[in-house]
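# Topology and contacts: notes
In case you want the letters, here they are:
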Protein chains: 2
Amino acid sequence: MEIAELGEFGLIRRLTEQIELKNPETKHGVGDDCAVLEFEAGRQVLVTTDLLLEGVHFDLQYMPLKHLGYKSAIANLSDIYAMNGRPRQMTVSLGLSKRFTVEDMEEFYAGLRLACEAHSCDIVGGDTSASMTGLTISITCIGDARPEDVVYRNGAKDTDLICVTGDLGAAYMGLQLLEREKSVYNQQLREAQQRGEKLDSLPPFQPDFSGREYLLERQLKPEARKDIIEALAKEGIRPTAMMDISDGLSSELHHICTQSHTGCRIYEERLPLDYQTAVLAEELNMNVTTCALNGGEDYELLFTVPLTEHDRIVTIPGIKVIGHITKPELGLQLVCRDGVEMELKAQGWKAI
Amino acid sequence: MEIAELGEFGLIRRLTEQIELKNPETKHGVGDDCAVLEFEAGRQVLVTTDLLLEGVHFDLQYMPLKHLGYKSAIANLSDIYAMNGRPRQMTVSLGLSKRFTVEDMEEFYAGLRLACEAHSCDIVGGDTSASMTGLTISITCIGDARPEDVVYRNGAKDTDLICVTGDLGAAYMGLQLLEREKSVYNQQLREAQQRGEKLDSLPPFQPDFSGREYLLERQLKPEARKDIIEALAKEGIRPTAMMDISDGLSSELHHICTQSHTGCRIYEERLPLDYQTAVLAEELNMNVTTCALNGGEDYELLFTVPLTEHDRIVTIPGIKVIGHITKPELGLQLVCRDGVEMELKAQGWKAI
């Protein structure tokens, strides 16, 4: 059977459904942002891991290695926050083909260290290896939390408010922008070659990104929402369900509703969008709502809180209520600006 | 600077020398088989990670996926034992190109689960991703131990006995055997193609491995030495330094002596060799001592114990004393069968 038939989530389910958890300190295994271990009463250890492959997750033609190091760390740190935990330690494995130099890897590590320092996370180990192909990055992050603070995906209840931090779709629009300039550049190179010009005699390629800086930053230097976790703790608000938005809002809502056995209803007009995201979507003739729902790589937080928290949650800057949880038989609904209701489609990773 | 100039260990040193450990529970970072964390007084958490890349670490032309799953787990479990710990949890990340089917991945997971069940280790999470190239495997294993039981690489003392479990070089000879048969097979294919024959009309390729089963098993289905860790605990013997032999005895002795600030003296005649290893080395015109010293992938344990433990250590089956620790100024010496002394050379991973 081809993997594409099952998709990413189907494959994971198939491979892990026969796994039994036997060790008493293993509190939660596959299926959330992190695994949860409790070696000690009163403190839980969170574990998350991410694999990043050149040509699939990043393109070094426009991704500087320092940013790549930073972003690789952020993707993992974000998963710890998504469980309402604190990042503590990280291991970093790298597969390197011969074209990478020592200086390249120092750049990568500089970005990695910057992110880890900002989030008080120690780099404690890893593995380096030769690679026949491109750059392979595998990071595992360990965090901790008090057991009563850990938030899973499965705790959303009917009538809970659905909240999203920051804005959505900008990282995806940043990627579109970079991909567009990359094809312009590659086209110029091809034309110069056809004219028989030497490539190093070409003027440097300097695309004009002015007015688009925010989109590039969201793609090249995303942040993990430590500030939100701290603000929620300060207010004494514990979300009923939470995860980070890495695959896109629509896909993440499916995870929360499936695991919580609920439906949901979100409002198109309430989706948080940056002005630049809307402008570029218009320019590229893309539907900005689709970008916000399915864009991915935002590393914002999606969480639910009881309806009774409404007045407190709306006072926290950077959080927007986009809808509410419903009974499961109502399904996952998007209420469009014109009042029409549409079913939210899930999207996951597809086999290449 | 090319990575080859620094080599694997030089690169790791360069990238990690600026890392400061700040979190109080981080007891030990980069530089041993595992990182050591202490979230709770009286119990330490061990973390190790390994990256395995197709074409570098394994060849699917002769490595069945079930064996690959088993071996990938063993490589990580072995690192936990090398710290004198117990494996507890594992995360598994896979990068998959399109040629892999769901059934392939079920085979891989069957092997993985078999190893984890034998070593009481829970599979708690991971990541799956598309890959543009071959199969990428990244595993992180978590273990635990009482703080007083954890054994580092840096505790060897002058006059300590150097011990090795099992036998050495057989996994490497198994690899030679498989590589030899692979080239015979590929040669037959090429010749058939030149004769214009259809490839599926060829008789099945069935190399005769009889009498070599042990070498194949060591390469395709290695074991992690849980039994030795249990035997040492039962005898109440705590090694002063320990690591597992994955890169080869010579390289591992360099790690222990460098970190412990000692020299060592081992005896060629005491190196544990299996009969099949010696026979195939002879047949392939290779020096069997070189294979034992530099072969790699044995996943045996190398450890040191105080001289006073001599009479107890020699009673444990599967452990052999191969020499002793010396003062650092004496260097790392191999005493050959003819009495001549040679310096032990380190070998690490090289850039491809």
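This write-up is about the structure you can find in this document. By convention here, each chain's residues receive numbers from 1 onward along its written sequence. Just so you know, chain letters begin at A and ligand numbers begin at 1, following the order they were written in. Two thresholds apply to this predicted model, a pLDDT of at least 70 for residue-level local features and 80 or more for giving and counting side-chain atom pairs, whereas whole-chain, interface and lining totals are computed over all residues. Computation of side-chain values: all heavy atoms of the structure, hydrogens and water removed.

Secondary structure assignment for chain A yields 10 helices and 13 strands. On C-alpha atoms alone, chain A measures out to a radius of gyration of 21 Å, which is about the 20 Å that the 2.2 N^0.38 rule sets for 352 residues. When the backbone C-alpha atoms are referred to their principal axes, chain A occupies close to 70 × 50 × 45 Å. Throughout this description, buried means an accessible area under 20% of the type-specific maximum (1.4 Å probe, protein chains only), exposed means over 50%, and partly exposed covers the range between. Residues classed as buried in chain A amount to 55% of the 352 residues present. When checking whether two residues touch, look at their non-hydrogen atoms; a contact exists if any pair is within 4.5 Å. The long-range fraction of contacts in chain A, counting pairs at least 24 apart against all pairs at least 6 apart in sequence, stands at 83%. Only runs of H or I of at least four residues qualify as helices and only runs of E of at least two qualify as strands under DSSP, and these elements are numbered from the N terminus. Our radius of gyration is a C-alpha quantity, and the globule rule it is checked against amounts to 2.2 Å times the number of residues to the power 0.38.

As a further point, take the sheet that holds strand β1 (residues 26-28) of chain A. All names here are of chain A. Pairing between two strands requires that DSSP report at least two bridges joining them. In space, the six strands of this open sheet follow the order β1-β2-β3-β6-β4-β5, with mixed pairing throughout. Each of the sheet's edge strands pairs with one partner strand only, and the pair in question is β1 and β5 (122-130). Here the average twist between neighbouring strands, direction ignored, is 20 degrees. Both strand β4 (residues 86-96) and strand β6 (residues 136-145) contribute to a ladder of nine bridges, which runs antiparallel. Directly across from G95, in β6, lies its bridge partner T136. Of the strands in this sheet, β3 (43-53), β4 and β6 are in contact with helix α2 (residues 65-81), which crosses β6 at around 35 degrees. Working convention: axes come from line fits to C-alpha atoms, limited for helices to the stretch in contact. Angles between N-to-C directions cover 0 to 180 degrees.

On to the relation of the copies chain A and chain B, then. Here the copies are superposed with least squares, the fitted atoms being C-alpha atoms of residues at a pLDDT of at least 70 in both. With an RMSD of 0.0 Å, the operation that places chain A on chain B is a rotation of 180 degrees combined with a shift of 0.0 Å along the axis. The transformation relating the two chain copies, once decomposed into turn and shift, fits a two-fold axis. Same-surface contact between copies: 99% of interface residues of chain A are shared with the interface of chain B.

Here a salt bridge means any side-chain nitrogen of Lys or Arg lying within 4 Å of a carboxyl oxygen belonging to Asp or Glu. Scanning the model with the defined rule gives 48 salt bridges over all chains in all. Taking the shortest distance from any N to any O, the salt bridge between R14 of chain A and E106 of chain B comes out at 3.0 Å. Within this pair, whereas R14 of chain A is found in helix α1 (residues 3-16), its partner E106 of chain B is found in helix α3 (residues 102-118), the two belonging to separate chains. The class of E106 of chain B is partly exposed, set by a relative accessible area of 26%. A salt bridge links R180 of chain A to E283 of chain A, with the shortest nitrogen-to-oxygen separation between them at 3.2 Å.

Two rings from Phe, Tyr or Trp (for Trp, the six-membered ring) form a pair when their centres sit within 6.5 Å of each other. Planes less than 30 degrees apart are called stacked, planes more than 60 degrees apart edge-to-face, and all others tilted. Taken as a whole, this structure holds two aromatic pairs over all chains when the rule is applied. Either the NZ atom of lysine or the CZ atom of arginine qualifies as a charge over a ring when it sits within 6 Å of the ring centre and within 35 degrees of the ring normal. Positioned above the aromatic ring of Y70 of chain A, the side-chain terminus of K221 of chain A is 4.4 Å from the ring centre.

Here the focus is the nonpolar core. Take the buried residues of types Ala, Val, Leu, Ile, Met, Phe, Trp, Tyr and Cys, join any two whose side-chain atoms come within 4.5 Å, and each joined set is a nonpolar core. Counting 72 residues, the largest nonpolar core has L77, M90, M105, F303 and I313 of chain B as the members making the most contacts within it. Broken down by element, this core gets its largest block of residues, nine residues, from helix α2 (residues 65-81) of chain B. Beyond its immediate sequence surroundings of up to four residues, M105 of chain B is in contact with I3, L11 and L15 of chain A together with L65, L94, L96, F100 and L135 of chain B. Grouped together as the second largest cluster of nonpolar side chains are 70 residues, F100, Y109, C116 and I139 of chain A included.

Residues and elements named next belong to chain B. When you line up the elements, G296 lands in the loop between α9 (288-294) and β10 (300-305). What makes G296 buried here is its relative accessible area of 4%. Note: C-alpha distance between G296 and N76 (220 residues apart in sequence) is 15 Å.

Next up on the list: the state of the cysteines. Residue and element names in this part refer to chain B. Only a pair of cysteine sulfur atoms within 2.5 Å qualifies as a disulfide here. Going through the model one piece at a time under the given rule, you end up with zero disulfides over all chains. Cysteine C163 remains unbridged, with the sulfur of C264 as its closest cysteine sulfur at 13 Å. Looking at the unpaired C264, the closest cysteine sulfur is the one in C257, lying at 3.9 Å.

Let us look at the interface of chain A and chain B. On the chain B side, the residues contacting the 76 residues of chain A number 75 residues. Summed over both partners, buried area is the accessible surface (1.4 Å probe) that two parts give up on being assembled. Around 6,600 Å² of area is buried between chain A and chain B when both sides are counted, 61% of it from carbon and sulfur atoms. At the junction of chain A with chain B, the criterion picks out four salt bridges. We call two N or O atoms a polar contact when they sit within 3.5 Å, provided that within protein one can donate a hydrogen and the other can accept it, with sequence-adjacent residues counted only if both atoms are side-chain atoms. Applying the counting criterion to the chain A and chain B interface returns 34 residue pairs in polar contact (both at pLDDT 80 or more). Of the residues forming the side of chain A that touches chain B, the biggest block, nine residues, is contributed by β5 of chain A.

In this section: the sheet that holds strand β6 (residues 136-145) of chain B. All names here are of chain B. The six strands are arranged β1-β2-β3-β6-β4-β5 in an open sheet whose pairing can be described as mixed. This sheet does not close on itself; its edge strands, each paired only once, are β1 (26-28) and β5 (122-130). Between one strand and the next, the sheet's axes are offset by a mean angle of 20 degrees, whatever the strand orientation. Two elements, strand β2 (residues 35-40) and strand β3 (residues 43-53), share four bridges in a ladder whose sense is antiparallel. In the sheet register, A35 faces β3, and the bridge partner there is V47. Where α2 meets the sheet, its contacts fall on β3, β4 (86-96) and β6, and the angle it forms with β6 comes to roughly 35 degrees. In this fold α3 packs onto β4, β5 and β6, with an angle of close to 170 degrees to the strand it touches most, β4.

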